[in-house]
Amino acid sequence: MTNEEYGNDIVTLTDDDGKSYSFEILDAIETDTGRYLAMVPYFADPQEKLDEIVEAMAQAASSHAKELAVMSAEETDYGKQQDKFIKNRFACEYLPAHLRNMRCVGVIRTDQEKQIMDVGVPMGVLVSLCPATSPVSTTIYTALIAVKSGNGVLFSPHPRAQKSISRVLDIL
């Protein structure tokens, strides 16, 4: 099935429970054994879906903010648990609220008079060097920003904060 507006091939599959999933076909290879497709999930409004994911991640991290503050303070032996808790809440509550109506992917803005539009495109994979001084809040912040903008992220934890960072990534 071809989507004329975008010119890409969109395929919709339905699982045994009746739930439909749409995929964009990026490439196809025909061999003697069959046809193989490279596909990615397709969303009519990718920003809307990314926003849902960011909200769910922030809520999950927020419910563990205290636990993560205690864990990181004990593991790294840096800072106070209370201060780390405040930073974690900031990353889980203020940041998502600030990002809520911001568009980062797709058509961001149009100017009819000048006949131009700004289009946000993911850059690819980001790298995050997570410090021992603020391991949890930095990891949450970076993960939310990366997902909001449609990018992947590779985390490199400080050796003194590996358990805390691993735990927050498991939660996210």
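Since the model is a prediction, treat every value here as computed from it, not as a measurement. (Residues numbered from 1 in each chain as written. Predicted model: local features only at pLDDT ≥ 70, side-chain atom pairs only at ≥ 80, totals over all residues. Heavy atoms only, no water.)

Draft legend 1. Main features of unusual backbone geometry. You will see that D77, though not glycine, has its phi angle at about 60°, which is positive. Exposure remark for D77: the relative accessible area of 63% places this residue in the exposed category. One non-glycine residue, Q115, adopts positive backbone phi at about 55°. By secondary structure assignment, the location of Q115 is in the loop between β5 (106–111) and β6 (116–120). (Buried < 20%, exposed > 50% of the residue type's maximum accessible area, 1.4 Å probe, protein only. Helix = DSSP H or I, 4+ residues; strand = E, 2+ residues; numbered from the N terminus.)

Draft legend 2. Examining the packing of helix α2 (residues 65–76) against helix α3 (residues 81–99) more closely. Contact geometry of α2 with α3 gives a least axis separation of 8 Å together with a crossing angle of 130°. When the axes of α2 and α3 are compared, the pair comes out oblique. In this structure, α2 crosses over α3, and the sense of that crossing is right-handed. Across from A65, K66, L68, A69, V70, S72, A73, E74 and T76 in α2, the residues of α3 making contact are Q81, K84, F85, N88 and R89. (Axes fitted to C-alpha atoms, helices over the stretch in contact; angles between N-to-C directions. Parallel < 35°, antiparallel > 145°, perpendicular 65-115°, else oblique. Left-handed = near helix turned anticlockwise from the far one by under 90°. Contact = heavy atoms within 4.5 Å.)

Draft legend 3. Inspection of the pattern of salt bridges at higher detail. As enumerated under the stated definition, the model contains 7 salt bridges in all. Between E30 and R35 there is a salt bridge; the shortest N-O distance is 3.3 Å. Taking relative accessible area as the criterion, E30 reaches 59% and is therefore assigned exposed. By relative accessible area, which is 51% here, R35 ends up exposed. (Salt bridge = Lys/Arg side-chain N within 4 Å of Asp/Glu carboxyl O.)

Draft legend 4. Quick peek at the confidence of the model for the protein. With 92% of its residues at a pLDDT of 70 or more, the protein has an overall mean of 88. Of all secondary-structure elements in the protein, the lowest mean pLDDT belongs to strand β1 (residues 2–3), at 39, while α2 reaches the highest, 97. (pLDDT = per-residue confidence, 0-100.)

Draft legend 5. Inspection of the nonpolar core at higher detail. In this structure, M57, L68, V136, I140, L144, V147 and V168 are the most contacted members of the largest nonpolar core, which totals 22 residues. Looking at this core, the elements with two or more residues in it are α1 (46–62), α3, α4 (135–148) and α5 (162–171). Once residues lying within four places of it in the same chain are set aside, the contact partners of L68 are A61, N88, V136, S164, R167, V168 and I171. (Core = buried A, V, L, I, M, F, W, Y, C linked by side-chain atoms within 4.5 Å.)

Draft legend 6. Quick look at the packing of α3 against α4. Their axes nearest at 8 Å, the elements α3 and α4 cross at an angle of 15°. Comparing the axis directions of α3 and α4 gives the class roughly parallel. Crossing hand, α3 versus α4: right-handed. Contacts between α3 and α4 pair K84, K87, N88, A91, C92, L95, P96 and L99 from the former with P135, V136, S137, I140, Y141, L144, I145 and K148 from the latter.

Draft legend 7. Structural context of a nonpolar patch on the surface. Residues V107, M117, V119 and V121 make up a contiguous nonpolar surface patch of roughly 360 Å² in combined accessible area. For V119, a relative accessible area of 48% gives the class partly exposed. (Patch = residues over 30% accessible without salt bridge, like charges linked within 9 Å, V, L, I, M, F, W, Y side chains within 5 Å. Areas by Shrake-Rupley, 256 points an atom, 1.4 Å probe, with all protein chains shown as cover.)

Draft legend 8. Broad picture of the packing of aromatic side chains. Per the stated rule, a full pass over the model turns up 1 aromatic pair. The interplanar angle of 20° and the centroid separation of 4.8 Å between the aromatic rings of F90 and Y94 together place this pair among those described as stacked. Taken together, the positions of F90 and Y94, both in helix α3 and 4 residues apart, correspond to about one turn of that helix. One cation-aromatic arrangement involves K66 over F85; the distance from NZ or CZ to the ring centre is 5.3 Å. The ring of Y78 carries the charged tip of R160 above its face, separated from the ring centre by 4.3 Å. (Phe/Tyr/Trp six-rings, centres within 6.5 Å; stacked < 30°, edge-to-face > 60°. Lys NZ or Arg CZ within 6 Å of the ring centre and 35° of its normal.)

Draft legend 9. Quick look at α3. Spanning 19 residues, α3 covers 26 Å between terminal C-alpha atoms, matching the ideal 27 Å at 1.5 Å per step. Along its length, α3 reaches its greatest deviation from straightness, about 30°, at F90. By the burial criterion, the buried members of α3 are K84, N88, A91, C92, L95, P96 and L99. Contact partners of the buried residues in α3: α1, α2 and α4. (Expected span 1.5 Å × (residues − 1). Bend = angle between axes of the 7 residues up to and from the residue.)

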